[in-house]
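If you want the building blocks of each chain, they are given just below.
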Amino acid sequence: MQWDALFEDLESQFEALQEGDLYGEVADRIRTEVGKITVLDRLRGAVDTVVRIELAGTEPLQGLLTRVGKDCLLIEAGREEWLIPVGALVAVHRLGPWAEPAVGAVAGKLGLAHLLRGIARDRSPVTVFCGGIPVTGTIDRVGADFLEVAEHPLDAPRRRSEVYNVRLIPTQALQAVRRR
């Protein structure tokens, strides 16, 4: 009888150790997988969600996260579109628990420069935030690491007579571009 009790006790201890090892292994695998998730993956998981964005030097922005590019995101806030480089983010609220990897050749390649060139092609009046005072005007050119903004009032078309300055802004200094 004592031998039976001893074997039962040893078997239960062995089973408990196996369960503990399994839970530990699962937890380690989960931590490893979570460690591979990027900011862009988390943002992609929140597309079509109303989020709150914090940028340095500006008021928080709340709007619908509509797209995530390879290095930027697009927010619709009322009648405005905000193009925000991921590097300018200070914090993002209301994401939810999901993450989604990049899929598709086009989605993975469209980035800030492509979208800025599209805005320049459309000749849309914009407000550019790059620290300090917001700049209003039209994006004239987008280079490899810069953009040039012809400064003029938002309510005036881009005419030579309305432009009072052309400002070169390094892309790394860009915080956001707002288009109405």
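Quick note: structure is the one above.
Residues numbered from 1 in each chain as written. Predicted model: local features only at pLDDT ≥ 70, side-chain atom pairs only at ≥ 80, totals over all residues. Heavy atoms only, no water.

Brief notes about the layout of surface pockets
Reasoning step 1: Its volume calculated, the largest pocket comes out at about 490 Å³.
Reasoning step 2: Forming the walls of the largest pocket are 24 residues, and the residues nearest its centre are Arg67, Val68, Gly69, Leu110 and Leu115.
Reasoning step 3: Residues that form the lining of the largest pocket fall into these classes: 14 nonpolar, 3 polar and 7 charged. (1 Å grid on protein atoms, 1.4 Å probe; cavity = no way out; pocket = protein on both sides within 12 Å on 5 of 7 lines; lining within 4 Å. Points joined across faces, edges and corners; volume = space filled by probe spheres on them. Nonpolar A, V, L, I, M, F, W, Y, C, P; charged D, E, K, R; others polar.)

A look at the pairing of strand E10 (residues 176-179)
Reasoning step 1: Neither face of E10 is open: one carries Ala176 and Arg178, the other Val177 and Arg179, and all of them are buried.
Reasoning step 2: As paired elements, strand E4 (residues 80-85) and E10 share 3 bridges and run antiparallel to each other. Following the sheet pairing, Glu81 is matched in E10 by Arg179.
Reasoning step 3: With 4 bridges connecting them, strand E6 (residues 125-129) and E10 associate as antiparallel partners. (Buried < 20%, exposed > 50% of the residue type's maximum accessible area, 1.4 Å probe, protein only. Helix = DSSP H or I, 4+ residues; strand = E, 2+ residues; numbered from the N terminus. Pairing = 2+ DSSP bridges.)

Some thoughts on helix H4 (residues 112-122)
Reasoning step 1: Every buried residue of H4 is accounted for by Leu112, Leu116, Gly118, Ile119 and Ala120.
Reasoning step 2: Here the buried face of H4 lies against strand E3 (72-77), E4, E6, strand E7 (135-142), strand E8 (146-151) and E10.
Reasoning step 3: Looking one or two residues past H4, Arg123 carries a phi angle of roughly 60 degrees, positive in sign. (Contact = heavy atoms within 4.5 Å.)

Here's the deal with the sheet that holds strand E2 (residues 61-68)
Reasoning step 1: Here we have 10 strands laid out as an open sheet, ordered E5-E1-E2-E3-E4-E10-E6-E7-E8-E9, and antiparallel in their pairing. Both edges of this open sheet fall to strand E5 (89-93) and strand E9 (165-170), since each of them pairs with a single strand only. Each adjacent strand pair in this sheet contributes to an overall mean axis angle of 40 degrees, direction not counted.
Reasoning step 2: Bridging between strand E1 (residues 49-55) and E2 involves 5 bridges; their strand directions are antiparallel. Looking at the pairing, Thr49 lines up with Leu65 of E2.
Reasoning step 3: Packed onto the sheet, H4 meets E3, E4, E6, E7, E8 and E10 and runs at close to 110 degrees relative to E7. (Axes fitted to C-alpha atoms, helices over the stretch in contact; angles between N-to-C directions.)

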